[in-house]
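Examination of the molecular architecture
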Amino acid sequence: MDRPIIPAAERTTAEAETLRTETDRSAADPEPHIAVAAASGLPGPGPQRTPNAVASSGTDARQDGAAPQTTADETARATAAADTAEEPTATDGTADADRTGSTPPAPQQPGTTADAAQAETTADAAQAETTADAARAETTADAEQVDTTPAQPSPTTEGIAVPGSTPDAQVGIPTGTEGSSTEPAEHQHAGTDHGDTADDGPGHAGTSHNDTLDDGPGHADHNRHAHQGQAQADTDDGVPNAAGADDAQEPRTPEEAGTDGDAEPAADAAPPPPVDPEQALAAVGWELDPRTLREQAPDPAQLRVIRDGLTAKLDTTLDNRSRARLLSLRAVASRILGDLDDALGDARLAVTYAEATGEFRRTALARARLAEALRWRGDHAEADRLFAEANSPELPDRLRALLHEHAGRCCYDQGRLTEACLHFERALDLRHGEDAQLNARVEVALDAVAERAAADGFGPPPRRPEEVLGTPRPPMATFDEEQQLWGYADADGEMVIAHRYAEAQPFHEGLAWVRRPEASRWALIDTSGAALIEANNGYRSVVPFSEGLSWVSMDGKGRWMAVDRMNIVKIPPGYEEARPFRNGLAAVRQNGGWGAVDLTGEVVVPTRYHRLGTPLADGREVDGFTADGLAVVELAGRRGVVDRAGRVVVTPAYPTVVVHPVAFLVATESGRWGALDRRGEPLIDPVHPGRAAVVAEIDRLLADASPVL
């Protein structure tokens, strides 16, 4: 029955009498057990479980024998930890601590609500009844406090919640979590889609609300308090991981935990909370086959239960982000269980949902999981292409290293052992040899390479990126010294377009702008040399094609407009300067101010900034927006960050801002460096002498992020 939870200190004698009366009535006519989620911040009963079932979520059992209380916020954090790309978040207050997961949940100590309620009930019973009646009341109260109803026979694996009659019961999803009262709880990603609805269109990509790592580190002052081994199913920096969280692999039962002298018997402890299937998947200790370099599940039955839990969550999930995550995780489970057709179907659909969000890291992760499913099926060409497409310098190094590791395994399957070794070497370089689990897996892989090479050799030479991606290498501009003219040659050095141009731009998207010696205006040609736009159209200045459009100017000084390959004007003239389109946006200058337009010509960032260009942490500078839809802007000598929708993520207030894959590096007037998270909140105090030290601190904060493919 439903009864409000009242702190023991506020209960009156009459309330205690009411509780005792209800307890006696429950003993006489027990109600069926119903798993309910506790209100945020208050303890609540767990679902029906076998006495020895424990949650393998990376949280140890209490030393006094009582299981930690799990709130709705904690379960929302577990779901949110499965949804982003390795991004640290600030821990400013309780809400931010919940969002980052950097502060472990405090176990309930003796004397809390449940213990006080039991003590009051026992005391009242002793005063009002005989000794025998008091003993019976205590026994009945204990029976109500701890659900001792025998569990129904089911194919459960210890520590994994079994799908039951409702989706909430199946995966332990809380209801009424902060952020929405109408969406299912698994849609709420604490610290990620903060305040977002289920609108997952491309306009949301790259915003400060979509990119946080909910189970990542908090502020630098708090990062040491993060759970070691916190199970994380899906961070945006993650791909296949051969090992789960160490602490989560061997959960202790209440009997094992109850070693303190003052510990209560295990039977008096509240049942442990249900395990979210995403947490459970992250906690699986994968075994790597030393010959095939494929992961193996130590307990296939447990993995099937996890897959059922993911299916249950999918049944109540509607938004693109969550469906992309859950489908790709279910593909992982199906692949390792050997159901390769199911894995392939889920993985392809996950990529479709991820691409619909417009979020770069989410799409890269979905593609990597699809690539691994294809690899297991023997479709190596498509798998190689997807691994190459997913990898990008704008991704976190942790994710890039794992992408190289798995691309190397795919090359190993094909007998391309030299190419495989190059991928493994790159993976180690990206992690600087500091990732012990990665080092161990690569060592196993290199042993397998050595054994195969001894028998069959190292195979064909490494391929060029164009070969892996399946895109033809465009002709390269070459200059004839004798004629003083430009032409184009193919990859073998054979001339495909004769030397006849005074100027020649590189090919982009199969198109190149060229100018003949007798002409003052540019023409557009394709890879065969055929003219698509003649010089008589009057373009004195041109910009290479990007994303189907090229900026052109009739006078060579201003009034830039965008045309397509058929010379149809898509964006009318009116801009003093224009940069190539990148990720659907182009930086433009109008009336002295910089802003951005989309492919339709709509102004998405007002032309009010004095500069728009994005320096990256690896030393490169992007001429516009990053793949995550972020750009650094300057206003009155101070720099900040805007997203692709024009929202200000970081107010222009810093002399220098650098975009890191999971944060923003900022410098103060004194030259000290710190970091902000992707919401623009403080992450690392500006006390470091250089940005390299800040990057190293971010890596330490992310030490617990353990992605799963």
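The shown structure was predicted, so the numbers you read here are calculated from the model rather than taken from an experiment. Every chain's residues receive numbers from 1 upward, in the order its sequence appears when written. Local features in this predicted model are restricted to residues whose pLDDT is 70 or higher, and side-chain atom pairs enter the listing and the counts only when it is 80 or higher, whereas totals over whole chains, interfaces and linings include all residues. Values shown for side chains rest on all heavy atoms present in the structure; no hydrogens or waters enter the calculation.

1. Focus: the side chain of Arg307
- Tracing the chain through its elements places Arg307 in helix α10 (residues 300–315).
- Whether two residues are in contact is decided by their heavy atoms: any pair within 4.5 Å suffices. Not counting residues up to four positions away in its chain, the partners in contact with Arg307 are Arg330, Ala333, Ser334, Leu337 and Asp339. Runs of H or I in DSSP of at least four residues are treated as helices and runs of E of at least two as strands, each being numbered from the N terminus.

2. A short note on the environment of Arg678
- Mapped onto the elements, Arg678 comes out in the loop between β26 (673–676) and β27 (682–688).
- Taking the C-alpha atoms as reference, Arg678 lies 10.0 Å from Leu630; in sequence the two are 48 residues apart.
- A polar atom in the side chain of Arg678 sits 3.5 Å from the side chain of Asp628.
- Here a polar contact is taken to be a pair of N or O atoms separated by no more than 3.5 Å, where protein atoms must pair a possible hydrogen donor with a possible acceptor and residues adjacent in sequence count only if both atoms sit in side chains. A polar side-chain atom of Arg678 sits 2.8 Å from the main-chain carbonyl oxygen of His660.

3. What about the pairing of strand β15 (residues 585–590)?
- Here strand β14 (residues 577–578) runs beside β15; their pairing, made up of 2 bridges, is antiparallel. Within the sheet, the bridge partner assigned to Ala578 lies in β15 and is Val588.
- In this structure, β15 lies alongside strand β16 (residues 593–598), joined through 6 bridges in antiparallel fashion. Counterpart to Ala587 in the pairing with β16 is Ala596. Between any two strands, pairing holds if DSSP finds at least two bridges.

4. Considering the sheet that holds strand β22 (residues 638–643)
- In spatial order, the strands read β18-β21-β22-β23; together these 4 strands make up an open sheet with antiparallel pairing. With partners counted over all chains shown, the strands left at the sheet margins are β18 (611–612) and β23 (648–654), one partner each.
- By the bridge criterion, 3 bridges tie β22 to β23 in an arrangement that is antiparallel. Counted as the bridge partner of Arg639 is Tyr654 from β23.

5. Details of the sheet that holds strand β3 (residues 476–480)
- On the basis of which strands lie adjacent, the open sheet formed by 3 strands has the order β3-β4-β5 and antiparallel pairing. Every other strand in the sheet has two partners, leaving β3 and β5 (495–501) as the edge strands with one partner each. Averaged over all pairs of adjacent strands, the angle between their axes in this sheet comes to 25 degrees, without regard to strand direction.
- Here strand β4 (residues 485–489) runs beside β5; their pairing, made up of 3 bridges, is antiparallel. If you follow Tyr488 over to β5, its bridge partner there is Ile497. Each axis is a line fitted through C-alpha atoms, and for a helix only the stretch in contact is used; angles between axes span 0 to 180 degrees, taken between their N-to-C directions.

6. Some thoughts on the pattern of salt bridges
- A pairing counts as a salt bridge when a side-chain nitrogen of Lys or Arg comes within 4 Å of a carboxyl oxygen of Asp or Glu. Considering all chains together, one arrives at 38 salt bridges under this definition.
- Lys313 is the salt-bridge partner of Glu278, the closest N and O atoms lying 2.6 Å from each other. Taken as a pair, Glu278 in helix α9 (residues 277–283) and Lys313 in helix α10 lie far apart in primary sequence, 35 residues in all. Assigned by exposure class, Glu278 and Lys313 land together as buried.
- Of the charged contacts in the structure, one is a salt bridge between Arg582 and Glu394, with a shortest N-O distance of 2.8 Å. Using a 1.4 Å probe on the protein chains alone, a residue whose accessible area is under 20% of its type maximum counts as buried, one over 50% counts as exposed, and one in between counts as partly exposed.

7. Side note on α10
- Multiply 1.5 Å by the residue count of a helix minus one, and that product is the helix's expected span. With 16 residues, α10 ought to run about 22 Å at 1.5 Å a step, and its terminal C-alpha atoms sit 23 Å apart, in line with that.
- Those residues of α10 that fall on the buried side of the exposure criterion are Gln302, Leu303, Val305, Ile306, Arg307, Gly309, Leu310, Ala312, Lys313 and Leu314.
- Between the side-chain oxygen of the N-cap and the backbone nitrogen of Ala301 there are 3.2 Å, and the N-cap of α10 in question is Asp299.

8. Points about the packing of aromatic side chains
- Stacked, tilted and edge-to-face are the three classes assigned to paired rings of Phe, Tyr and Trp, where Trp is represented by its six-membered ring and a pair needs centres within 6.5 Å; plane angles under 30 degrees give stacked, over 60 edge-to-face, the rest tilted. Taken as a whole and judged by the stated rule, the model has 6 aromatic pairs.
- Ring geometry for Trp513 against Tyr539: centres 6.2 Å apart, planes inclined by 85 degrees, an arrangement best described as edge-to-face. Separated by 26 residues along the polypeptide, Trp513 in strand β7 (residues 511–515) and Tyr539 in the loop between β9 (531–533) and β10 (541–542) bring together distant segments of the chain.
- Site record: aromatic cluster; members linked through ring pairs are Trp513, Tyr539 and Phe545.

9. Comments concerning the confidence of the model for the protein
- pLDDT measures the predictor's confidence residue by residue and takes values from 0 up to 100. On average, residues of the protein carry a pLDDT of 72, and 60% of them reach 70 or more.
- Considering only residues more than four positions removed or in separate chains, one finds that residues 1–267, a stretch of pLDDT under 50, has 546 contacts.

10. Considering the side chain of Thr357
- You can see Thr357 is positioned in helix α12 (residues 340–357).
- Among the polar contacts listed, one links the side chain of Thr357 to the backbone oxygen of Ala354, at a separation of 2.6 Å.
- Within polar-contact distance, the side chain of Thr357 engages the backbone nitrogen of Glu359 at 3.2 Å.

11. Describing the state of the cysteines
- Two cysteine sulfur atoms make up a disulfide if the distance between them is within 2.5 Å. Here the structure, examined in full by the defined rule, presents 0 disulfides.
- Cys410 provides the cysteine sulfur closest to Cys411, a residue in no disulfide bond, and the two sulfurs are 6.2 Å apart.
- The thiol of Cys421 is unpaired, and the distance to the nearest cysteine sulfur, on Cys411, comes to 9.9 Å.

12. Here we look at the environment of Asp342
- Along the polypeptide, Asp342 turns up in helix α12.
- For the pair Asp342 and Val332, spaced 10 residues apart in sequence, the C-alpha separation works out to 9.9 Å.

13. Comments concerning the packing of helix α14 (residues 380–390) against helix α15 (residues 397–413)
- The N-to-C vectors of α14 and α15 enclose an angle of 160 degrees; their axes lie 10 Å apart at closest approach. Judged by the angle between their axes, α14 and α15 are roughly antiparallel. Both α14 and α15 take part in a crossing whose hand is left-handed. Every residue of α15 that contacts α14 at His380, Ala383, Asp384, Phe387 and Ala390 is listed here: Leu403, His406, Ala407, Cys410 and Asp413. What sets the label is the angle itself: under 35 degrees gives roughly parallel, over 145 gives roughly antiparallel, 65 to 115 gives roughly perpendicular, and the rest give oblique. Each helix crossing is assigned a hand: it is left-handed if the near helix lies turned anticlockwise from the far helix by less than a right angle, otherwise right-handed if that turn is clockwise.

14. Quick look at unusual backbone geometry
- One non-glycine residue with positive phi stands out, namely Glu547, at about 55 degrees.
- Mapping Glu547 onto the fold places it in the loop between β10 and β11 (550–553).
- Within the chain, Asn583 stands out as a residue other than glycine whose phi angle is a positive 55 degrees.
- Topologically, Asn583 is positioned in the loop between β14 and β15.
- Taking relative accessible area as the criterion, Asn583 reaches 28% and is therefore assigned partly exposed.

15. Details of the nonpolar core
- For this analysis, a nonpolar core means a set of buried residues of the types Ala, Val, Leu, Ile, Met, Phe, Trp, Tyr and Cys, connected via side-chain atoms within 4.5 Å. Ranked by size, the top nonpolar core spans 23 residues in total, and within it Leu370, Leu374, Phe387, Leu395 and Leu403 carry the most contacts.
- Elements with a minimum of two residues in this core: α11 (320–336), α12, α13 (360–377), α14 and α15.
- Ranked by residue count, the leading element in this core is α13, at 7 residues.
- In contact with Phe387, other than residues within four places in its own chain, are Ala368, Ala371, Glu372, Leu403, His406, Ala407 and Cys410.
- Residues Val284, Val332, Ala333 and Ala350 belong to the second largest nonpolar core, which totals 19 residues.

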